Structure formats: C-alpha cells, structure tokens
Amino acid sequence: MLAIGLAIAGGGGGSLVSIAPTVLTMGTATTAPASSAPSASLPMTGMTATDAARLLEQATFGPTPAEVTRVAELGLDRYLVQQLATPATGYWGFTYVPHTAPIDCKYDAANPSGTASMCARDNYSLFQVQREFFENALTGADQLRQRVAFALSQIMVVSGVEIYEAYGMAAYQNMLLRDAFGNYRQLLEDVTLSPVMGHYLDMANNDKSNSARGTSPNENYAREVLQLFSIGVSQLNPDGTLVLDSQNQPVPTYTQDVILGFASLFTGWTYPPRPGASSGWTNPINFEGAMIAFPNHHETGTKLLLNGVVAPTGQTPEQDLKLALDTVFNHPNVGPFVGKQLIQHLVTSNPSPGYVSRVAAVFADNGQGVRGDLAAVVRAILSDAEARTGARASADEGHLREPALFITSVMRGLGGKSDGVYLRSQAGAMGQPIFTAPTVFNFYPPSYQLPGASTVAPEFYIDDAATVLARANFLNTLIYRGGAARDPTVTSSTGTTLDLTPLTAAGSPDALVNQLDAQLMHRSLSNSAHTTITRALGALDSDDAVGRAKAAAYLVASSAQFQVEH
Amino acid sequence: MHRRHFLRHAGALGGSVALAQLGMLAARAQAVASDYKALVCLFLYGGNDANNTIVPIDSAGYTSYAATRGRLALAQGALLPLVEKSGTAAFGLHPALGGTTGLQGLWDAGQLAIVRNVGTLVQPLTKAQYLAPNTAKPASLFSHIDQQHQWQASLSVSPSDTGWGGRLADQLASLNSGGSIPAMISTAGNNLFVTGRATQALTIPTSGSFALQGFDNSAGGIARLSALRSLLGIDRGTDLLDAAQDVMTGALASSAVLNPILTNTASPVSGYFTGLTSDFAKQLLAVAKVIEARASLGVQRQVFLVSLGSFDTHVDELNTHDTLFGDLGAGLKAFHDAMTGIGAAQQVASFTLSDFSRTYKPNSNGGSDHGWGSHHIVAGGAVKGRAYYGTWPTLAVGGPDDEGAEGRWIPTTAVDQYAATLASWLGVNAGALANVLPNLASFSPATLGFV
C-alpha cells in the first residue's frame, strides 16, 4: 500500500521566523526576524495602565507596577514584538547523573541535611528545578515565553513522578522554552524524540513485536500523543466545537487500529548514548540529546495512521516518524485543539467559538502560508478582541488563577522577593507541585466543568476545601508572619518576603484598596467588595498604616474576585 | 448557565446553626448509632491489570496463563490461594496483597468478594455484536479519562456531569439532613464520582492542619474575618466567582468541625495504621477518623473516595504492582481492622474502581496496555465474601471475550450492576435504583448480591 500524499511537508519548522504584528491587518503583516528589536515604523499605540495590567495578567506571571507603566507606554504590539524576541532565561547548571543514584547521593534519614541527602535533593528530585521555576517567573525578562512554555508543559506533560532527575526535567523544560515561539511541527518532533518523554511515555526501548516472546509494541506514546498533545479523541470543527454525526454523537478521530499502527510506528528508538560510550539496543537512560533509532528493532510492516494514511512497508524509523508526525500535524483538529487550550491557559476558560476559530485560522496559516507558527498563534490569542476589549469582562470570561499564577501574581504585585524554596512547597500544598502532575493528564483536565453548571473551569479541578485553605494560609504566612527565612542549604538563598512599604503610604482605606486593586487585578474589584474591605480597614487604628496595609493585602488577595482573573 | 444550588452549604451552615440545640444533637447521634452505613470507593488510577490481581492456579489454567503472559507471569507458587467454601481453590491472589494477615485473610474470613470482568457497557455485548457496525458501545474505549468518567458516572451512553456516588448521596439526602458536614468526603480531590445533582463532596487533607490560620480576637482580627466571610456572599451570579466563594465557604464551615477530628493523634483508629506510611494509608486513616466520629457528625449515609495511583503499567509492571499492591493490601486490611475495632465493620463496605484492566498479551517493555473488563474487590463485614460474582472471561488472546488480538476482555458484568448492588446495600430501594443508575434497566439482574 502507498501512503497518501500530504500537501504540506512540516519538517524543519524550527527555523521559521516570527512575523512582526500589526494591530488590524494580521494577514498583510510583513516579516521581521524574530530577534529584531521593536521596529521604529510601528505606530506608537499606548494603552491605559488598567489595560496594560490586564494584558500582563494574561502574558506574564503577574503585573508589577514598573511593568504596568512600561507596557502602558509601549502598547500591545511593541510589547509582543519585544517579548517574542526575548530569549529564554531557562534552567542551567544541571548535570547528568545516572538513573540509579550512587550510595553517596541518596537521602540519609539520619543526616537529612548532610552531603548525601543534599546531593539527592539537588540531583534526584525536582527541588532545584521547581525553585528556579519560581525565580525565573518572578524576575525573568522572558515572561511571555515562560507563560507559554508553562502552558505547554501542562499540555505535553512529563512529570516528576517518574522524571525525578533534575537535569532531565531541566532539559525538557528548556526545550519547551526554546520551541514556545517556534513551529508546532518542530515542537511535536522535539517532544517525540525527547528521551525524557521517551522515558515518561515509553517510546524509549519500544521494540517491534516478538512472536517468540509473545510481545506487542507498547501503545502508550501512540495513544497519548494523539489524545493529549495534538488532536484529541473527537473530530472538531475549526471553532473547537464537536463534529456530530447523524445521531448527534461525537465522531472519533481514531480507532484502536490506528493506535496499533502508531504503536508499531514508534518502535526502534532508544536513549542517546553518553558521549564516548558505545551505543546499542538498548542504551541506558540518558536525558541529554534526542533518541536514536535502531532499524532492526523497528516494525517494518504497514501501519495504519490517521485519516486513512498508511505508512508503507520497509521504511526506516526516521521515514516512518516523519510521515507520522506530518500526518498528525496536518490533521485539522490541531489548530482548534491546541489553540483552545492555549487560550484557556492564558486568557479564559470559556472562549467563544469565534475566538477559537480566529486562533485556529492563524494556526492553519500565519498569513505567510505557514501552518503551526506558535508565535503567530500566541499573538493572535493576546491580540484578539475577546482578550482585549473584554477588559471589563464578567468573571465567567476569565479563569481561576492556578496555584503557580496565584503565587507569582501576589509576589510580583506586592514587591515580593524569593529564592523559590518556600513557593515550590506552597504550590504543592495548593495542588500544583510544579512539573509533577499526577499523570500525563496534567493537574486538571481542560474540559473540567463546574459541578452543576456547563461552565468549563479547568483550574477548579484542584480547587477544593483543602487547597483553598492552603491559599489563604499562604497569604497569612507572607503578610502576617514575615514570609519564609533563608535556607542555608541553598546557594544565595534570599528567603521569601513581600514589601508592603509602598502600600503604607496610600493614605485612606479607600486609596489603599484602590492601589491594591490596580496593582493586583487591573481594577476589577467590584464596588461592593471595595466597600466591604474598606469598612473592615476602618476597624483598624488609623495610625497603624502597616496594619491596614496588611489587612487590605490579605483581603484583596484572598478574595474570590482576585482568585478568578477576569 | 448558572449553577444549581448545592445542599452542602445548606447542610454545612444551616445545619450547624439548627443543631445548636443539644437535644437535637443527641437525637442525631442516636439515629446515627442505630442506623449508619458508608461506602468507601478505592479508585485505582491508571487501569489496574486485573489479569495479575486474580490468577488461575489450577494446573491447566496456570499453564495457559504463563504461556501467554510470558515475562508478566507471576510464579505459581507465590500466588495466594483463594479457597472457596467448597474447599477448592481455582484462583490465587497477587502475593503483595497480603496472605492470611492481609487480603487473603479477609477472603478466608468471608469478608472479601471478587466481582469478575466488570466494565463499561451501554448494553450487554457479545464479541459478534462488538464487531458489528452500529452496535451501541462505550465511547472512547481504552482512553484513561473517558473510561474513568464512565466508571465514575456508571454511564457510557453519553457524557455525564454527575457520578453515581453523587447521585447516590442525592437519593439518600433525607437521611443526612441533620449532618454537620457533607455526606460525601474525598481524600482524592474533586471527582466526578462524588459529584451529584444537588450534593458535592468535601475534600479533606490527609496531613497537616485543616484550618484557616492567622485570626485572633483583636478588633482588627475580628473585623478582617468578618470581611472575609462577607466577601464570600457578595456579587453572586457568575459561575466562576460563585464557585470560588462556595469552595471557601464550605471549607470554613467543615474545617471548623473536622480539624479537631482529623488532627486527633489519640484516636483509637490510628493504632491500626501504625507503620503504614503510604499516602493511601493516610487517606484511609482520615476516612476512619471521620467514621469514628459519625455520631457527633450526624450523617447517616456516607460516601468516601480514596485513590491510589500509578497503575498505568506500560513498563516494569511486576515491580510496580508489588509496590502498589503492598500499599493496597496493607491499607485496606488496616482500615477493615479499624472498622472492626470501632464496631463499624458491618456498616462499612469498601470497593475498588479503576479505568480498565490491561491487555493479557504483554508489550515489549515488561508491561501491558489499556484493556477493558476487570475484576474488582469488595470488602467489609456485610460483604458476602469468600465467593466470586459475575462471569469469568475466557482468558484467550483473540478468543471469544477478546475485543481484538491483545486480550482486552469484553465485560460480562456492567458497572451499573456493580454500582446498583452497592447502592442497594446503602439503602436505595429497588424502585429508586434507576434514579442513581439511569441505564440499569439495560442489564439483568439489576443487582449481584455480593453485599
């Protein structure tokens, strides 16, 4: 059988450049190198501080007063051009360790802060990666890149439950940061050949069927790359709604036979060898580099792929892989499926079908005839009228701040400083241990609905009685107990503190709440909430500016109106 | 679309006010003492390989098993024989589930039953029907999240926004109207299983404090707490804000009641869990503490959700199963002993759910892939144990019960029947079972009699 030809060869998309944006005429935009500085020819279109703050809630780990001022002057387009060109802060300084820890690098209960225990913590747990995640989120210049990479890390999930080597997780996250504004086709290939993903979803060492042993190829990666990373289980319209058959039922995107086809296709790959080491089937676990193929462990028969595409017999592992990834990449579901999830992570849990279709159209064609340009997709998401003119949107047009964003928004909005040690533990207490989802299905499913409503609210899946108290108690620690002390076992530890000094100069309770409203939540606090909080502040001694600032910060940041960004 | 009003708030807040009168509290305690029942769902996330949970040990059965399972075959001598009332044993239990001091002991004592080849179905299904076009069968078979949802909803016809545990609590709500906490409690977070039309579970933590911290009796502290509470009741009318407020409102009400119970280190049930460090055991200990306090909490019919993860054994299944079954066996046995210790064994039944079983034929990485019909464990003093229920599938790859050529068993008992049996025991009368299990009429018999 012959493979059905595909119109677009998607490989090598990583070299695509981002296109410079214009506000109204995306389709006629001219190209500019991704590294270019904001062009002097762009119109100077500033925005109000309130609109800048809202944009920063969607595009960063939370507005800071300085960034609000800067972005208000810069305007949306210049800000996006600048952010899309900012290189990754990233995770650095992690080094390879063998999968099995040597005895002098294992946790020692008798000496929990001794050399062996610290070696285990720093190399065989995600402690340092999670800590750096918060350091980067609080201070990195590449805010938008980090936000998009964090979203991607929750779509193309690998988890510390199995990937506990810090260098492996750092490598995977650096890859997502690098690819965040590249082409989705390249991202899909990088994820597929990542030995970290190979280990997590078992494409590494997946062998062809063996009749003597009675074994079949492993179906794990085959299923999840389709179900979670690219197309989902049901056919979608370009606006993200379900295609329905004559019985009003969803139409599956694939059958079990297709899973068997992809499972066979993803055979014959193993970990890359360590430098200087010999290589063979199978190599020991190594998370640096990309997986390599061994043709004699690759299933050579035909494989049924999507939409009737069949991989012909006798192809090399690389040829098969290219065909498979091209086929997935060109499936019409990818734009609405991935685009909608990125909208949900950045802007709103319930985008309108029109919003999804506009973003999916940009995924299909960035205006230059290129499919899968993620920089163009991100720009489309943040430039869309539904993200911008909805600046006075109701809460149902926003989303719950997930724990990581709740934490960083409070820290950045209130002059926080942190080495990330305390913050990483708190994210865990709130149900989101960074890069450590329980399964490949992430911390929360994108389709989660509030009980008793049709409203989609993914982040609410991890919002329960235990975790909401953890959120409030986190604020109590930061505001009333001075945060967290320095950790002597962490190099250059700063501890975790807020700086509420600017709030103490606000003056009246009314002015104080206004200032918090502007700094933390783009003035979206309702009048009744404003009144409730100012009344409580009135019960405090009017000379106690610090006490009032603390109470105001606690009440605003613990309010449902702040928790639900809108 | 606006959210339905949930009983948990009326129950949690209104109830505690109404019960301020001691006489009523005493009456509730008496009612609970004479009539209390609880179901404890143990959700095995990832899809437990039931083919290595219950294994044929007779000569022919084991030989066939070992030939197909290859590297995944458990040693015949290691299996724990499940001796039936007839005195013979055709099947053995995975050794890590525990011998005579573990789950094998519960079986021997007649307090553990096995329900065979249960799975998601729209209607009874033969292989010929499965292979025929246009047969009604579950959507998205072999997909984790879809099959989890179908098990939790006991509905495979179409997506459901409620679970059968939740609908069960809805159905029995009148027995719980005087309770000071929600009838459903989860140690596994939000979950479709414990989502009803009008009732929703409370999630409790398994370690640390379950309390709002940082408020004192100063004028400022009182004013701030009062404002925090006021903020939870204003600006109603949008789903996301309402939900954020409601979760906190429920947390404040329930934590005030439950924190002293959960943090009580002197609780007599704690001793049964000595030496058990798994998260699963901690969840069951928290459940045991709540059940121990049942008289003061005033809830007569409870549904608990506990979870154990990492059953998605695509690689290295033998080692993973050893660890997970070690936790499952020891935790469940400790919980059962704790219930016996506080005189509640007859009133509490535990049962497993899981995404699916796994392929009988192994894959290339010492693991197995997503399957379908699965065997499940039910334990408790009221369980009619030391017995099997349902029909054993033909363990043959490509055979009459295999949907394809990898050994994914077409279920011979529906989740609906399994759930109906448990719902019936908890107190739903036969005529009302359809309220809890809307597709039950498609299967016969409606209940299986294992409890």
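The rules behind these values
- Residues numbered from 1 in each chain as written.
- Chains lettered and ligands numbered in written order.
- Predicted model: local features only at pLDDT ≥ 70, side-chain atom pairs only at ≥ 80, totals over all residues.
- Helix = DSSP H or I, 4+ residues; strand = E, 2+ residues; numbered from the N terminus.
- Buried ≥ 20, exposed ≤ 12 C-beta atoms within 10 Å, placed from the backbone.
- Contact = placed C-beta atoms within 7 Å.
- Rg over C-alpha atoms; globule rule 2.2 N^0.38 Å.
- Pairing = 2+ DSSP bridges.
- Nonpolar A, V, L, I, M, F, W, Y, C, P; charged D, E, K, R; others polar.
- Core = buried A, V, L, I, M, F, W, Y, C linked by C-beta atoms within 7 Å.
- Domains from an automatic or database assignment.
- Expected span 1.5 Å × (residues − 1).
- Axes fitted to C-alpha atoms, helices over the stretch in contact; angles between N-to-C directions.
- Parallel < 35°, antiparallel > 145°, perpendicular 65-115°, else oblique.
- Left-handed = near helix turned anticlockwise from the far one by under 90°.
- pLDDT = per-residue confidence, 0-100.

A. Quick look at the overall build of chain A. On a plain count of helices and strands, chain A comes out with 24 helices and eight strands. Oriented by its inertia axes, the alpha-carbon framework of chain A measures out at about 85 × 65 × 50 Å. Across the 566 residues in chain A, those meeting the buried criterion constitute 57%. The contacts in chain A between residues at least 6 apart in sequence include a share of 69% that link residues at least 24 apart.

B. Broad picture of the overall build of chain B. If you tally the helices and strands in chain B, you get 14 helices and 12 strands. Against the compact-globule benchmark of 22 Å for 451 residues, chain B has a radius of gyration of 23 Å, which places it among compact chains. Along the three orthogonal principal directions, the C-alpha set of chain B runs to about 75 × 50 × 40 Å. Counting all 451 residues of chain B, 59% fall into the buried class. Here the analysis covers contacts within chain B between residues at least 6 apart in sequence; of these, 75% occur between residues at least 24 apart.

C. Expanded view of the sheet that holds strand E4 (residues 91–93) of chain B. Residues and elements named next belong to chain B. Strand order in the open sheet made by the three strands is E2-E4-E3, with antiparallel pairing throughout. Each of the sheet's edge strands pairs with one partner strand only, and the pair in question is strand E2 (54–56) and strand E3 (80–81). When E3 meets E4, the two strands line up antiparallel, connected through two bridges. In the sheet register, Pro81 faces E4, and the bridge partner there is Gly92.

D. Summary view of the interface of chain A and chain B. Every contact between the two is made by 65 residues of chain A and, on the other side, 67 residues of chain B. Among the elements of the structure, helix H10 (220–227), helix H19 (465–480), helix H22 (527–538), helix H23 (545–558) and helix H24 (560–563) of chain A are those that each provide at least two residues to the side of chain A that touches chain B. Per-element accounting of the side of chain A that touches chain B gives the leading share, eight residues, to H19(A). Per-class residue counts for the side of chain A that touches chain B are 31 nonpolar, 27 polar and seven charged.

E. The nonpolar core, seen in detail. Membership of the largest hydrophobic core comes to 300 residues, with the highest contact counts inside it found for A:Ile381, A:Ala552, A:Val556 and B:Cys41. It is helix H9 (residues 239–262) of chain B that provides the largest number of residues to this core, a total of 12 residues. There are two domains that each give this core at least three residues, and those are domain 1 (220–329) and domain 2 (399–565) of chain A.

F. Unusual backbone geometry, seen in detail. Omega for the peptide link from A:Trp281 to A:Thr282 comes to 0 degrees, which places this bond in the cis form. The residue A:Thr282 is located in the loop between strand E1 (269–270) and strand E2 (292–293) in this model. In this chain, B:Ser444 is followed by B:Pro445 through a cis amide linkage whose omega measures 0 degrees. For B:Pro445, the location among the structural elements is in the segment after helix H14 (433–436). One non-glycine residue, A:Asn205, lies in positive phi territory at about 70 degrees. Among the structural elements, A:Asn205 can be located in the loop between helix H9 (195–200) and H10. Even without glycine at this site, B:Asn117 takes up a positive phi of about 50 degrees. Among the secondary structure elements, B:Asn117 is positioned in strand E5 (residues 112–119). Taking the number of C-beta atoms within 10 Å as the measure of exposure, B:Asn117 has 22 and is therefore buried.

G. The arrangement of helix H13 (residues 334–346) of chain A in detail. Here H13(A) spans 18 Å end to end across 13 residues, near enough to the 18 Å set by a 1.5 Å rise per residue. Counted residue by residue, H13(A) has 13 buried out of 13 residues, so it is predominantly covered.

H. Expanded view of the domain arrangement of chain A. Taken as a whole, chain A is organised into domain 1 (220–329) and domain 2 (399–565). Each of domain 1 of chain A and domain 2 of chain A has a C-alpha centre, and the two are 41 Å apart.

I. Spotlight on the pairing of E5(B). All names here are of chain B. With eight of eight residues buried, E5 is to be regarded as a mostly interior element. Relative to strand E10 (residues 374–380), E5 runs antiparallel, the two sharing five bridges. By the bridge assignment, Val118 is partnered in E10 with Ser374. When E5 meets strand E11 (residues 387–390), the two strands line up parallel, connected through four bridges. The partner of Ala113 across the bridge, within E11, is Ala387. Note: E5 against strand E12 (residues 413–414), two bridges, orientation parallel.

J. Structural context of the environment of A:Glu397. All names here are of chain A. Along the polypeptide, Glu397 turns up in the loop between helix H16 (385–388) and strand E5 (399–400). C-beta crowding within 10 Å serves as the criterion here: with 19 such atoms nearby, Glu397 is assigned to the partly exposed category. As for Glu397 and Gly538, which are separated by 141 residues in sequence, their C-alpha atoms are 33 Å apart.

K. Quick peek at the packing of helix H17 (residues 403–413) of chain A against helix H18 (residues 421–429) of chain A. Residue and element names in this part refer to chain A. Contact geometry of H17 with H18 gives a least axis separation of 9 Å together with a crossing angle of 140 degrees. As far as their axial angle goes, H18 and H17 are oblique. In this structure, H17 meets H18 at a crossing whose hand is right-handed. From H17, Pro403, Ala404 and Ile407 reach across to H18, where they touch Leu423, Gln426 and Ala427.

L. Seen up close, the environment of B:Gly326. Residues and elements named next belong to chain B. Of note, Gly326 is situated in helix H12 (residues 317–341). Looking at Gly326, the number of C-beta atoms within 10 Å reads 19, which means it is partly exposed. Placed 223 residues apart in sequence, Gly326 and Leu103 show a C-alpha to C-alpha distance of 10 Å.

M. Looking closely at the confidence of the model for chain B. All names here are of chain B. Confidence along chain B averages 94 in pLDDT terms, with 95% of residues attaining 70 or more. Long-range and interchain partners of residues 7–19, a stretch whose pLDDT sits below 50, account for 31 contacts in this model, where long-range means more than four residues apart. Overall fold confidence (pTM) sits at 0.94, and the ipTM for the predicted complex is 0.95.

N. Structural detail: the packing of helix H21 (residues 509–521) of chain A against H23(A). Residue and element names in this part refer to chain A. Where H21 meets H23, the closest approach of the two axes is 10 Å, and the angle between their N-to-C directions is 45 degrees. In terms of axis orientation, H21 runs oblique to H23. Judged by the sense of rotation from one axis to the other, the crossing of H21 with H23 is right-handed. Of H23, the residues touching H21 (which contributes Pro509, Leu512, Val513, Leu516, Asp517 and Leu520) are Arg548, Ala549, Ala552, Ala553, Val556 and Ala557. Here the contact of H21 with H23 is composed, by residue class, of 10 nonpolar, no polar and two charged.

O. Inspection of H17(A) at higher detail. All names here are of chain A. A large share of H17 lies buried, amounting to 11 of its 11 residues. When H17 is considered as a whole, its buried residues turn out to be Pro403, Ala404, Leu405, Phe406, Ile407, Thr408, Ser409, Val410, Met411, Arg412 and Gly413. Just downstream of H17, Gly415 is the residue with a positive phi angle, here 65 degrees.

P. Looking closely at the confidence of the model for chain A. Residues of chain A with pLDDT of at least 70 account for 91%, and the chain-wide mean is 92. The low-confidence segment residues 1–40 of chain A (pLDDT under 50) makes 81 contacts with residues lying over four places distant or belonging to another chain.

Q. Quick peek at the pairing of strand E9 (residues 348–354) of chain B. All names here are of chain B. Of all seven residues in E9, seven are buried, a share of seventy percent or more. Of the pairings in the sheet, the one linking strand E1 (residues 37–44) to E9 comprises seven bridges and is parallel in character. Paired with Leu44 across the two strands is Ser354, which belongs to E9.

R. Looking closely at the environment of B:Asp246. When you line up the elements, B:Asp246 lands in helix H9. The spatial distance from the C-alpha of B:Asp246 to the C-alpha of B:Gly233 is 8.7 Å, given a sequence separation of 13 residues.

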